[in-house]
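One letter stands for each residue in the lines below.
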Amino acid sequence: MNIKKILPQLLTLLVVILVFGFFSYNAQINMENRGITFGYGFLSQESSFDVQFSLIEYDGSHSYFRAYLVGLLNTILVSVIGIIFATIIGVVVGIARLSNNYLINRTAAVYVEFFRNIPLLLQIFFWYFAALRALPLPQDTEPMFGVFFLTIKGFFVPAFVWNNLDVFIYSIIAAIISIIIVRIYAKKKQENEGIQTPVLSISIGLLLILPILSFLFGGVDASVEIPVIKQLSQSGFTYEGGIKLPPELISLALALSLYTATFIAECVRAGVQGVSKGQKEAAASIGLTPNQVLKLVVMPQALRIIIPPTTNQYLNLTKNSSLAAAIAYPDLVLVFAGTALMQTGRAIEIVSITMLTYLSLSISISIFMNWYNKKIAIKEK
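Residues numbered from 1 in each chain as written. Predicted model: local features only at pLDDT ≥ 70, side-chain atom pairs only at ≥ 80, totals over all residues. Heavy atoms only, no water.

Enquirer: Any chance you could explain the sheet that holds strand β7 (residues 243-245) here in plain terms?
Expert: Strand pairing in a sheet relies on backbone hydrogen bonds, with the paired strands running either antiparallel or parallel. Taken together, three strands build an open sheet; the order of strands is β1-β2-β7 and the sheet is antiparallel. With one partner strand each, in any of the chains shown, β1 (149-151) and β7 form the two edges of the open sheet. When strand polarity is set aside, the average angle formed by the axes of neighbouring strands in this sheet is 20 degrees. Pairing analysis gives three bridges linking strand β2 (residues 154-157) to β7, with the strands arranged antiparallel. Paired with F156 across the two strands is K244, which belongs to β7. (Pairing = 2+ DSSP bridges. Helix = DSSP H or I, 4+ residues; strand = E, 2+ residues; numbered from the N terminus. Axes fitted to C-alpha atoms, helices over the stretch in contact; angles between N-to-C directions.)

Okay, structure coming up:
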């Protein structure tokens, strides 16, 4: 054992423990002097405040832990929406920047330079206070396709009303498990016997057949609930039924998606350009079309360069969602680290829970992206 390698690590660990211990002791003394107790028992107490948008049932009679769940789910919702749209936009813009068409190339470049050089908070303000505030009132809104209503009060869309939804979900889970089993079996069969199994066709069939069987024999039933305008007062109108997406969610999702997509686009451009020109020329020489070259040759190799920096952008998007408090979107920071903290005064407990939550979300994203990166890696023989 080399003491020269171990000693610096032990000293670093000791310094970290001493610093953490000093601040913990200092906080404990200050809390005792002010008569403040430490503990997480407040999570079971009644919250006594409402939240304007929640994915689960919630009102002021629920506990602070329930309020925490509301904020957490709202944070995850806007992060997932942002990641999905940022990825789609980023890939399209990144490839467009490599186009030989001057108009497409320049348009993509202007998009990247414009959105990435404007502060994200300012973009959130623009979408919320400028763009969406210019939308019509509910009573003046013209429906899109007869069932969608985009108003100053939010985006109202039809909703499915389910009977025996759990049976339908079980059928989906069963289909996914069956597809995994089929893929494993097909892979082994190809390796051992050299016979290919139509995995795609079987997978599509399972995804269609099992849910259909749940409707035919499982008692599953679904109806569509369309939003209907309702008059609340002489000048106040809103929509009842369907699903309401509040303007705060729309503004935040738009800003996060458009802003993060610019960085993902540059990651995509760098990845594609990282593939040597000889690879593209060799693929073209055997008769592959430009689309086939991109899909079969360039992108599989480019993903090794694209995924690591793109993972950083996913993490940034998730953490940047905390800016939602600026427009009163009820995310984790506003609901739990804002309102709940003000009411309880439990600063250390609430801030520690909030920090640990964001840390857990970031680590989860990193683990998944690292797993995907290893899965698609080109294995050398």
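Text resumes after the structure shown.
Enquirer: Explain the packing of helix α2 (residues 64-96) against helix α3 (residues 102-116) here, please?
Expert: Helix-helix packing is described using two parameters, namely the angle between the two axes and the distance between the axes. Where α2 meets α3, the axes come as close as 8 Å, and the angle between the chain directions of the two elements is 130 degrees. Taken together, the axis directions place α2 and α3 in an arrangement best described as oblique. Note that α2 runs across α3; the crossing there is left-handed. Note on element contacts: α3 touches α2 through I104, N105, A108, Y111 and V112, opposite I89, V93 and A96. (Parallel < 35°, antiparallel > 145°, perpendicular 65-115°, else oblique. Left-handed = near helix turned anticlockwise from the far one by under 90°. Contact = heavy atoms within 4.5 Å.)

Enquirer: Help me out: how do you make sense of a negative patch on the surface in this one?
Expert: Judged by side-chain charge, E46, D50, E57 and D59 come together as a negatively charged surface patch. With respect to the element layout, D50 can be found in the loop between α1 (3-33) and α2. (Patch = residues over 30% accessible without salt bridge, like charges linked within 9 Å, V, L, I, M, F, W, Y side chains within 5 Å. Areas by Shrake-Rupley, 256 points an atom, 1.4 Å probe, with all protein chains shown as cover. Salt bridge = Lys/Arg side-chain N within 4 Å of Asp/Glu carboxyl O. Lys, Arg positive; Asp, Glu negative; His and termini not counted. Charge placed at Lys NZ, Arg CZ, Asp CG, Glu CD.)

Enquirer: Help me out: how do you make sense of the nonpolar core in this one?
Expert: A general trend in soluble globular proteins is that nonpolar side chains are found buried together. Counting 43 residues, the largest nonpolar core has V78, Y111, L252 and Y329 as its most contacted members. When residues of this core are traced back to their parent elements, those giving at least two are α2, α3, α4 (120-131), α7 (247-273), α9 (290-320) and α11 (347-376). Among the elements that line this core, the one with the most residues is α7, at 12 residues. Listed in part, the 19 residues of the second largest apolar core include A340, L341, I350 and Y358. (Core = buried A, V, L, I, M, F, W, Y, C linked by side-chain atoms within 4.5 Å. Buried < 20%, exposed > 50% of the residue type's maximum accessible area, 1.4 Å probe, protein only.)

Enquirer: What is the right way to look at unusual backbone geometry in this model?
Expert: With glycine set apart, most residues show a phi of negative sign, and most peptide bonds adopt trans. One non-glycine residue with positive phi stands out, namely S48, at about 65 degrees. By secondary structure assignment, the location of S48 is in the loop between α1 and α2. Even without being glycine, A328 reaches a positive phi, approximately 65 degrees. For A328, a relative accessible area of 37% puts it in the partly exposed group.

Enquirer: I would appreciate a short explanation of the pattern of salt bridges in the present structure.
Expert: A side chain with one charge can pair with a side chain of the opposite charge if their charged atoms come near. This model, assessed by the stated rule, comprises seven salt bridges. In this structure, E240 engages K230 in a salt bridge whose closest nitrogen and oxygen atoms are separated by 2.9 Å. With E240 in strand β6 (residues 237-240) and K230 in strand β5 (residues 228-231), this residue pair connects regions lying 10 residues apart in the sequence. Take E240: its relative accessible area is 42%, and that puts it in the partly exposed class.

Enquirer: Got a minute to help me understand the packing of aromatic side chains in this structure?
Expert: The geometry of an aromatic ring pair is captured by two quantities: the separation of the ring centres and the angle between the planes. With the rule as written, the count across this model stands at 18 aromatic pairs. Ring centres of F114 and F115 lie 5.1 Å apart, and the angle between their planes is 85 degrees; this geometry places the pair in the edge-to-face category. Owing to a relative accessible area of 16%, F115 belongs among the buried residues under this scheme. With a centroid separation of 5.2 Å and 70 degrees between ring planes, the pair formed by Y259 and F263 is classed as edge-to-face. Separated by four residues within a single helix, Y259 and F263 lie in helix α7, roughly one turn from each other. Residue F263 is classed as partly exposed on the basis of its relative accessible area, which comes to 24%. Within the aromatic cluster, the residues linked to one another by ring pairs are F42, F49, Y58 and Y64. Directly above the ring of Y128 sits R133, whose terminal nitrogen or CZ lies 4.8 Å from the centroid. (Phe/Tyr/Trp six-rings, centres within 6.5 Å; stacked < 30°, edge-to-face > 60°. Lys NZ or Arg CZ within 6 Å of the ring centre and 35° of its normal.)

That is the geometry; function is a separate question.
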